[in-house]
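Below are the chains, spelled out letter by letter.
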Amino acid sequence: MSNRSIHTVRSTAVPVDIENVDTDQIIPARFLKATSRDGFGDNLFRDWRYNADGTPKMTFVLNDPAYKGNIMVAGKNFGCGSSREHAAWAIKDAGFDVVISSFFADIFRNNALNNFLLPVTVSEEFLKEIFTAIGNDPSTRIAIDLPDQTITLGSTGRKEKFDINDYKKTCLLNGYDDIDYLLSIRNEIESFESQHS
């Protein structure tokens, strides 16, 4: 379970500077037949990333070797559209642990948190600053500190706080899904039950 936990992430980032990215663009519907979470990363942004013959479109950022890391920086209103959980699966399976945006669709944000993918919401001004810094230097590093709920841009030292539900924060820090969390407090539940039976 520990490989699912997130404490601090320090990495370069992949900038997807496009607003209103919906879940069908993240993972097209034709790839939703699988029930396992594995293999979705290969089809992340499939129609933007590959030509019809399967060759990579070198103009798309995920095919640009200059940009790498386990942080994705996305435009405003990321993950809008249908509620498919596969969108979070695809991003996580492609090796990302964090997505940064100035606004996430609620259902996408919840799906991300349930799949050990941390959505970090920043101000629009800070998001522009991050895109500019990465555009100027793809080796720019970003630090996400989940315990302190801060994001820091390495090139400028600029820092912002971000919000996260306390329960989901506990789950991410410990690599817990909902059942793992209940098991972690089993003694407290049993104690409560015995006092109230």
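Before any of the text, the structure's been laid out above.
Residues numbered from 1 in each chain as written. Predicted model: local features only at pLDDT ≥ 70, side-chain atom pairs only at ≥ 80, totals over all residues. Heavy atoms only, no water.

Bringing the overall build of the protein into the picture now. Within the protein one finds eight helices and eight strands. Counting only residues that meet the buried cut, the protein has 43% of its 197 residues in that class. Approximately 10,200 Å² of the protein is accessible, and the part contributed by carbon and sulfur atoms is 48%. (Helix = DSSP H or I, 4+ residues; strand = E, 2+ residues; numbered from the N terminus. Buried < 20%, exposed > 50% of the residue type's maximum accessible area, 1.4 Å probe, protein only. Areas by Shrake-Rupley, 256 points an atom, 1.4 Å probe, with all protein chains shown as cover.)

Spatially, four strands are ordered β2-β3-β4-β5 in an open sheet, and the strand pairing comes out parallel. The sheet is open, and its two edges are formed by β2 (13-16) and β5 (118-121), each paired on a single side. Across the sheet, the mean angle separating the axes of adjacent strands is 20° when strand polarity is ignored. Relative to β5, strand β4 (residues 98-101) runs parallel, the two being bridged by four bridges. Paired with Val 98 across the bridge in β5 is Leu 118. (Pairing = 2+ DSSP bridges. Axes fitted to C-alpha atoms, helices over the stretch in contact; angles between N-to-C directions.)

Moving on to the sheet that holds strand β1 (residues 8-11). Sheet strands line up and pair through hydrogen bonds in the backbone, either parallel or antiparallel. Strand order in the open sheet formed by four strands is β1-β6-β7-β8, with antiparallel pairing between adjacent strands. The outermost strands of the open sheet, each flanked by one partner alone, are β1 and β8 (159-161). Each neighbouring strand pair of the sheet contributes to a mean axis angle of 10°, computed without reference to strand direction. Pairing analysis gives four bridges linking β1 to strand β6 (residues 142-145), with the strands arranged antiparallel. In the sheet register, Ser 11 faces β6, and the bridge partner there is Ile 142. Along the sheet, helix α5 (residues 124-136) makes contact with β6, β7 (150-153) and β8, crossing β7 at roughly 40°. (Contact = heavy atoms within 4.5 Å.)

A separate point is the nonpolar core. Among the nonpolar cores identified, the biggest contains 54 residues, and Phe 78, Ile 100, Leu 118, Ile 142 and Ile 144 are the most heavily contacted of them. Ranked by residue count, the leading element in this core is α5, at six residues. Setting aside anything within four residues of it in sequence, one finds Ile 100 in contact with Ile 71, Met 72, Val 73, Ala 74, Val 120, Val 122, Leu 127, Ile 130, Ile 142, Ile 144 and Ile 151. (Core = buried A, V, L, I, M, F, W, Y, C linked by side-chain atoms within 4.5 Å.)

On to unusual backbone geometry, then. A positive phi is found at Asn 20, a non-glycine position, where the angle reads about 55°. Classification of Asn 20 by relative accessible area gives partly exposed; the value is 43%. One non-glycine residue, Asn 77, adopts positive backbone phi at about 65°. Counting through the fold element by element, Asn 77 comes out in the loop between β3 (71-74) and α3 (86-93).

Before going further, it helps to spend a moment on the environment of Arg 109. The topology assignment puts Arg 109 in helix α4 (residues 106-114). It is 9.8 Å that separates the C-alpha atoms of Arg 109 and Cys 80, two residues lying 29 residues apart in sequence. When neighbours within four sequence positions are excluded, Arg 109 is seen to be in contact with Phe 104 and Pro 119.

Glancing now at the side chain of Glu 160. Of note, Glu 160 is situated in strand β8. A polar side-chain atom of Glu 160 sits 2.5 Å from a polar atom in the side chain of Ser 123. In this structure the side chain of Glu 160 is engaged in a polar contact, spanning 3.3 Å, whose partner is the side chain of Arg 158. In contact with Glu 160, not counting residues within four places along its chain, are Val 122, Ser 123, Phe 126, Gln 149, Thr 150 and Ile 151. (Polar contact = N/O pair within 3.5 Å; in protein donor to acceptor, adjacent residues only side chain to side chain.)

Below, the discussion takes up α4. For α4, the set of buried residues is Phe 108, Asn 111, Ala 112 and Leu 113. For α4, the secondary structure elements touched by its buried residues are α1 (23-26), α3, β5 and α6 (166-174). A positive backbone phi angle near 60° is found at Phe 116, which sits one or two residues after α4.

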